[in-house]
Amino acid sequence: MTFHETVPYENSFLVEGKTFENAGHVSRQVKTLLQKMKFSKEVVRRAAIVTYEAEINICSYAERGKIVLRVTPKQINIEATDEGQGIADIELAMEEGYSTATPKIVHMGFGAGMGLSNIKRFSDEFHITSEVGKGTHLEMVIRT
Ligand SMILES: Nc1ncnc2c1ncn2[C@@H]1O[C@H](COP(=O)(O)OP(=O)(O)OP(=O)(O)O)[C@@H](O)[C@H]1O
Ligand SMILES: [Mg+2]
């Protein structure tokens, strides 16, 4: 399988909300796909981190969600859309250390309040919108 046979590439993955049963599966699949496409270690690592953080937030806070991966030779676009409680104050949620994690989430090893700020740090472009009671939408771009 050569690069030109696989790229451009698009795939969509469902993420179960309010459970950690399958947490991390989507980001692992995304990481494996990008490795097979022979992107650099650094690019794969950044894409895997932002996908993982978005996925865990869906598992933690949303009812259900979807992660769409779009790959062109120049960039990797990861879009995470969920249905759920949404975020009332995005600026606050983006702050390092801010978390509303429940004891269950903390018990799973999450809830440091670093996910969104790390997504921003590891993305070349990052957009977040949210509507309370409806859901949250993230768009991340990693330039290759
Ligand atoms: N998809 C989402 N739906 C609803 N609320 C969210 C979502 N993602 C993040 N939040 C809110 O924003 C806060 C900060 O998220 P962030 O990912 O930065 O930290 P965290 O998930 O609490 O901890 P960590 O990611 O370090 O394990 C969360 O505690 C939660 O209140
Ligand atoms: Mg998080």
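Residues numbered from 1 in each chain as written. Chains lettered and ligands numbered in written order. Predicted model: local features only at pLDDT ≥ 70, side-chain atom pairs only at ≥ 80, totals over all residues. Heavy atoms only, no water.

Asker: How would you explain the site of ligand 1 if you had to name every residue and give the values?
Answerer: Near ligand 1 there are 19 residues, and of these S99, T100, G111, M114 and L116 occur at the shortest range. At a separation of 2.9 Å, an oxygen atom of ligand 1 approaches a polar side-chain atom of N57. When ligand 1 sits alone it has 590 Å² of accessible area, and the protein chains cover 94% of it. Mapped by element, the contributors of at least two residues to the shell around ligand 1 are helix 3 (41-61) and helix 6 (115-122). Ranked by the residues each element gives to the shell around ligand 1, the list is headed by helix 3, at 3 residues. Among the residues making up the shell around ligand 1, the classes are represented as 8 nonpolar, 9 polar and 2 charged. (Near = heavy atom within 4 Å. Polar contact = N/O pair within 3.5 Å; in protein donor to acceptor, adjacent residues only side chain to side chain. Areas by Shrake-Rupley, 256 points an atom, 1.4 Å probe, with all protein chains shown as cover. Helix = DSSP H or I, 4+ residues; strand = E, 2+ residues; numbered from the N terminus. Nonpolar A, V, L, I, M, F, W, Y, C, P; charged D, E, K, R; others polar.)

Asker: How would you summarise the sheet that holds strand 4 (residues 125-131) if you had to cite specific residues and measurements?
Answerer: Read across the sheet, 5 strands follow the order 1-2-3-5-4 without closing on themselves; strand pairing throughout is antiparallel. In this open sheet, the two strands that pair with only one neighbour each are strand 1 (9-16) and strand 4. Across this sheet, the average inter-strand angle for adjacent strands is 10 degrees, counted without regard to direction. Pairing of strand 2 (residues 62-71) with strand 3 (residues 75-84), which is carried by 9 bridges, proceeds in the antiparallel orientation. Considered in strand 3, the bridge of I67 is made with A80. Packed onto the sheet, helix 2 (residues 25-36) meets strand 1, strand 2 and strand 3 and runs at close to 160 degrees relative to strand 1. In the packing of helix 3 onto the sheet, the strands contacted are strand 1, strand 2, strand 3 and strand 5 (135-143), and the crossing angle to strand 2 comes to about 160 degrees. (Pairing = 2+ DSSP bridges. Axes fitted to C-alpha atoms, helices over the stretch in contact; angles between N-to-C directions. Contact = heavy atoms within 4.5 Å.)

Asker: Help me get a handle on the pattern of salt bridges, residues and values and all.
Answerer: Summed over the entire model, instances satisfying the criterion amount to 9 salt bridges. K18 is paired through a salt bridge with E63; the nearest N and O atoms lie 2.9 Å apart. Taken together, the residues K18 in the loop between strand 1 and helix 2 and E63 in strand 2 connect sequence positions 45 residues apart. On the accessibility criterion, K18 (37% relative accessible area) is partly exposed. Here D124 and R46 are joined by a salt bridge, their closest N and O atoms 3.0 Å apart. Pair noted here: D124 is in the loop between helix 6 and strand 4 and R46 is in helix 3, with a separation of 78 residues, a long-range link. (Salt bridge = Lys/Arg side-chain N within 4 Å of Asp/Glu carboxyl O. Buried < 20%, exposed > 50% of the residue type's maximum accessible area, 1.4 Å probe, protein only.)

Asker: Any chance you could break down the side chain of T51 for me, citing the residues and the numbers?
Answerer: Along the chain, the position of T51 falls in helix 3. Setting aside residues up to four positions removed in sequence, T51 forms contacts with S27, V30, I67 and I78.

Asker: Can you lay out helix 2 for me, pointing to particular residues and giving the numbers?
Answerer: For an α-helix, 3.6 residues make a turn, and residues three or four places apart therefore share a direction. Taking 1.5 Å per residue as the helical rise, helix 2 with its 12 residues ought to reach 16 Å, and the 17 Å between its terminal C-alpha atoms agrees with that figure. Of all the residues in helix 2, the buried ones are V26, S27, V30 and L34. Take helix 2 and look down its axis: the buried residues cluster within an arc of 95 degrees, on one side only. Along helix 2, exposed side chains directed more than 90 degrees from the buried face belong to R28 and K36. (Expected span 1.5 Å × (residues − 1). Arc of directions from axis to C-beta.)

Asker: Before we move on, could you go through the packing of helix 2 against helix 3 and cite the residues and values that matter?
Answerer: Any two packed helices are characterised by the angle at which their axes cross and by the distance between the axes. Viewed as axis vectors pointing N to C, helix 2 and helix 3 meet at an angle of 165 degrees, and their least axial separation amounts to 8 Å. Our classification of the angle between helix 2 and helix 3 gives roughly antiparallel. Helix 2 and helix 3 meet at a crossing whose hand is right-handed. Two secondary-structure elements touch here, helix 2 through H25, V26, S27, V30, K31, L34 and Q35 and helix 3 through V44, A47, A48, T51, Y52 and E55. (Parallel < 35°, antiparallel > 145°, perpendicular 65-115°, else oblique. Left-handed = near helix turned anticlockwise from the far one by under 90°.)

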